[in-house]
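# Structural characterization, general
Chain by chain, the residues run as shown.
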Amino acid sequence: MSKPGSEGNPLKVAIVGSGPSGFYAAEALLKSELNTQIDMYERLPVPYGLVRSGVAPDHPKLKQAINVYAKIAESPAYRFFGNVTIGKDIQVDDLKKLYHSIIFTCGAESDRRLGIPGEDLRGSYTATEFVGWYNGHPDFRDRDFDLSHDTAIIFGQGNVAADVSRILAKTRDELKHTDIAEHALDALDKSNIKHIYVIGRRGPAQAKFTSKELKEFGELEDSDPILVGDELILNSESETELEDKSNAGNKKVYDLFQGFSQQNPSDNKQRRVYFTFLKSPVEILGEDCVESVKLEKNALSGDAFMQSAKGTGEYSEIKTGIVFRSIGYKGIAIPGVPFDEKRGIIPNAEGRVTDDNGSAVPGLYVAGWIKRGPSGIIGTNRADSVATVKALIDDLDLQNDSNDMPGEEAAINLLNNNNVNFVSFSDWKKIDDKEISRGEPKGKPREKYTYIQEMLDVLK
Ligand code: NAP
């Protein structure tokens, strides 16, 4: 038999996960010279991963990426199998018998932990839960966030923390024409939260917000950003960092902080977002639920660009009933695939999955956050997926002629034999159409279905 990818022997690839890195991997395969057939597996009945359930509803421009993905899905060489969990409905060993290669693009679905007492008290949530809830992700549909308190605390100063705090700070009017899930819009409308603390363990020069996201805090309808000038004093290493041309993004962020510190909060606005630095949570306190957080003041130590936060032994406490931990995502293991528990990624060498000895596992590849960890914006995943597909194609060149693989109908037979109610891309288009028409009367781009059964009922 000729090589996979040649005229008589199409390269059959399974992609596990339908977020940005999955679609960019599909795109790279389709753009290659190879004769390819791609089956993309997704555990939800609906595609697009974090673009659907991670990107904030009030950032519709970022969601336009789905137009690119829908175009990719039009290729006759592409098929979507939604509502299929790999490792549960089908095993990775089964996929290996059907496809020449498997690319895992399943993102980072869990969270890093603070590892402090009280972290699991009622009222202490992960950003993932809250983001999934307001975005209508079925896993988080029934979460009940107690927004009756006047103070909320967010740990972490990355763009997810910006999303969480901005959604808490926005009014119903600012959100009602977005694709925010209706249950979240209603609950947020009744929120009593007035004081939102966004707490960084390092200084203002090290905050990981992007300036575009930070700037929005100065433009909110009923909320002002608060920053005490003293907080912006820098050590010499941080000054060096901000003077470095390669660090222009952080300089812009710092300049915005300065602007916030010089601004007087408006008496007409009810909410405040406080940015505060050099504080680490050491304990979340409370009997049955969160009552306050204990913070330790930090000092930075180390050379410029390598500075880490060290506790000084000076403590403070903030009373609050609700805490969001937004300190970074973490991948979860798939049965039958090597996993690096510490880093929360599938171990790999340039996208080739590696075993305990560091040797490449033939036919297994990885791209996106589950390859490199949760960093970068949506577009970052394109280059990452292209690099993985290049490794996959380079490996084909080294292979001897190989057999045809069943792919196609065998995948459908396997799913049917396992009683899996899978969803095709044309099925998804029906769900998509319904969501869009449900949104129209409310002036929303869509009203998402938030239960898996509701999504499947559309197809009955
Ligand atoms: P992130 O950017 O890595 O930020 C994580 C934050 O948590 C950092 O401030 C980090 O501080 C802090 N942190 C980590 N461990 C901590 C601990 N033990 N105690 C206290 N603080 C701790 O992660 P993210 O916000 O989850 O975002 C993930 C990726 O998605 C990023 O690349 C982000 O830009 C992207 N994203 C983009 C958008 C957008 O484009 N609009 C929106 C959302 C997310 P240190 O710096 O000290 O580690």
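Before any of the text, the structure's been laid out above.
Residues numbered from 1 in each chain as written. Predicted model: local features only at pLDDT ≥ 70, side-chain atom pairs only at ≥ 80, totals over all residues. Heavy atoms only, no water.

The tendency in soluble globular proteins is for nonpolar side chains to be buried as a group. Core analysis: the largest hydrophobic core is formed by 48 residues, its most contacted members being Phe130, Tyr134, Leu168, Leu188, Phe257, Phe275 and Phe324. Going through the elements one at a time, helix H6 (127-134), strand S7 (151-155), helix H7 (159-169), helix H9 (182-189), strand S8 (195-199), helix H12 (248-262), strand S10 (271-276) and strand S14 (322-325) are the ones with two or more residues in this core. No other element matches the six residues that H7 contributes to this core. Of the domains in this structure, domain 1 (11-109 + 330-423) and domain 2 (113-326) are the two that each give at least three residues to this core. In contact with Phe275, other than residues within four places in its own chain, are Val198, Phe209, Leu214, Phe217, Pro225, Ile226, Leu227, Glu231, Phe257 and Phe260. Ranked by size, the runner-up nonpolar core spans 37 residues in total, among them Tyr24, Tyr78, Leu396 and Leu456. (Core = buried A, V, L, I, M, F, W, Y, C linked by side-chain atoms within 4.5 Å. Buried < 20%, exposed > 50% of the residue type's maximum accessible area, 1.4 Å probe, protein only. Helix = DSSP H or I, 4+ residues; strand = E, 2+ residues; numbered from the N terminus. Domains from an automatic or database assignment. Contact = heavy atoms within 4.5 Å.)

Bringing the side chain of Asp224 into the picture now. Along the chain, Asp224 turns up in strand S9 (residues 223-226). Taking the relative accessible area as the measure of exposure, Asp224 reaches 4% and is therefore buried.

The subject of this paragraph is the environment of Gly328. Checked against the element boundaries, Gly328 lands in the loop between S14 and strand S15 (329-330). Its relative accessible area of 30% is what places Gly328 among the partly exposed residues. As for Gly328 and Ser53, which are separated by 275 residues in sequence, their C-alpha atoms are 16 Å apart. Apart from the residues within four sequence positions on either side, Gly328 is in contact with Asp111 and Arg112.

Glancing now at the sheet that holds strand S13 (residues 308-319). Strand order in the open sheet formed by three strands is S11-S12-S13, and the pairing between neighbours is antiparallel. This sheet does not close on itself; its edge strands, each paired only once, are strand S11 (279-285) and S13. Averaged over all pairs of adjacent strands, the angle between strand axes in this sheet comes to 25 degrees, irrespective of strand direction. Bridge count for strand S12 (residues 292-301) against S13 is nine bridges, and the pairing is antiparallel. Note on S13: the bridge partner recorded for Glu296 is Tyr315. (Pairing = 2+ DSSP bridges. Axes fitted to C-alpha atoms, helices over the stretch in contact; angles between N-to-C directions.)

Its location among the elements puts Phe140 in the loop between H6 and S7. It is 9.5 Å that separates the C-alpha atoms of Phe140 and Tyr451, two residues lying 311 residues apart in sequence. Once residues lying within four places of it in the same chain are set aside, the contact partners of Phe140 are Thr128, Glu129, Gly132 and Trp133.

For the rest of this paragraph, the subject is the pairing of S14. Of the two faces of S14, the one holding Ile322 and Phe324 and the one holding Val323 and Arg325 are both buried throughout. As judged from the three bridges shared by strand S6 (residues 124-126) and S14, these two strands associate in the parallel manner. Residue pairing across strands places Tyr125 opposite Phe324, the latter belonging to S14. By the bridge criterion, four bridges tie S7 to S14 in an arrangement that is parallel. Looking at S14, one finds that Ala152 is bridged to Ile322.

Another aspect to go through is the site of the ligand. With respect to spatial proximity, 21 residues lie near the ligand, and among them Gln157, Arg201, Arg202, Glu213 and Gly376 are the closest. Interatomic distance of 2.8 Å between a side-chain N/O atom of Arg202 and an oxygen atom of the ligand. Lys208 has a polar side-chain atom sitting 3.3 Å from an oxygen atom of the ligand. Notes on the ligand: free accessible area 920 Å², of which the protein chains cover 85%. Residues of the shell around the ligand, tallied by class, amount to seven nonpolar, eight polar and six charged. The residue makeup of the shell around the ligand includes at least three contributed by each of domain 1 (11-109 + 330-423) and domain 2 (113-326). (Near = heavy atom within 4 Å. Polar contact = N/O pair within 3.5 Å; in protein donor to acceptor, adjacent residues only side chain to side chain. Areas by Shrake-Rupley, 256 points an atom, 1.4 Å probe, with all protein chains shown as cover. Nonpolar A, V, L, I, M, F, W, Y, C, P; charged D, E, K, R; others polar.)

Evaluation of the coordinates by the stated rule reveals 27 aromatic pairs. Here Phe130 and Phe324 contribute two aromatic rings whose centre-to-centre distance is 4.6 Å and whose plane-to-plane angle is 50 degrees, an arrangement assigned as tilted. Of this pair, Phe130 sits in helix H6 while Phe324 sits in strand S14, and the two are 194 residues apart along the sequence. Taking the relative accessible area as the measure of exposure, Phe130 reaches 0% and is therefore buried. Aromatic rings pair up to connect Phe23, Tyr24, Tyr48, Tyr69, Tyr78, Phe80, Phe425 and Trp428 into one cluster. Here Lys294 stacks its cationic end above the ring of Tyr315, 4.6 Å away from the centre of that ring. Positioned above the aromatic ring of Tyr449, the side-chain terminus of Arg438 is 3.9 Å from the ring centre. (Phe/Tyr/Trp six-rings, centres within 6.5 Å; stacked < 30°, edge-to-face > 60°. Lys NZ or Arg CZ within 6 Å of the ring centre and 35° of its normal.)

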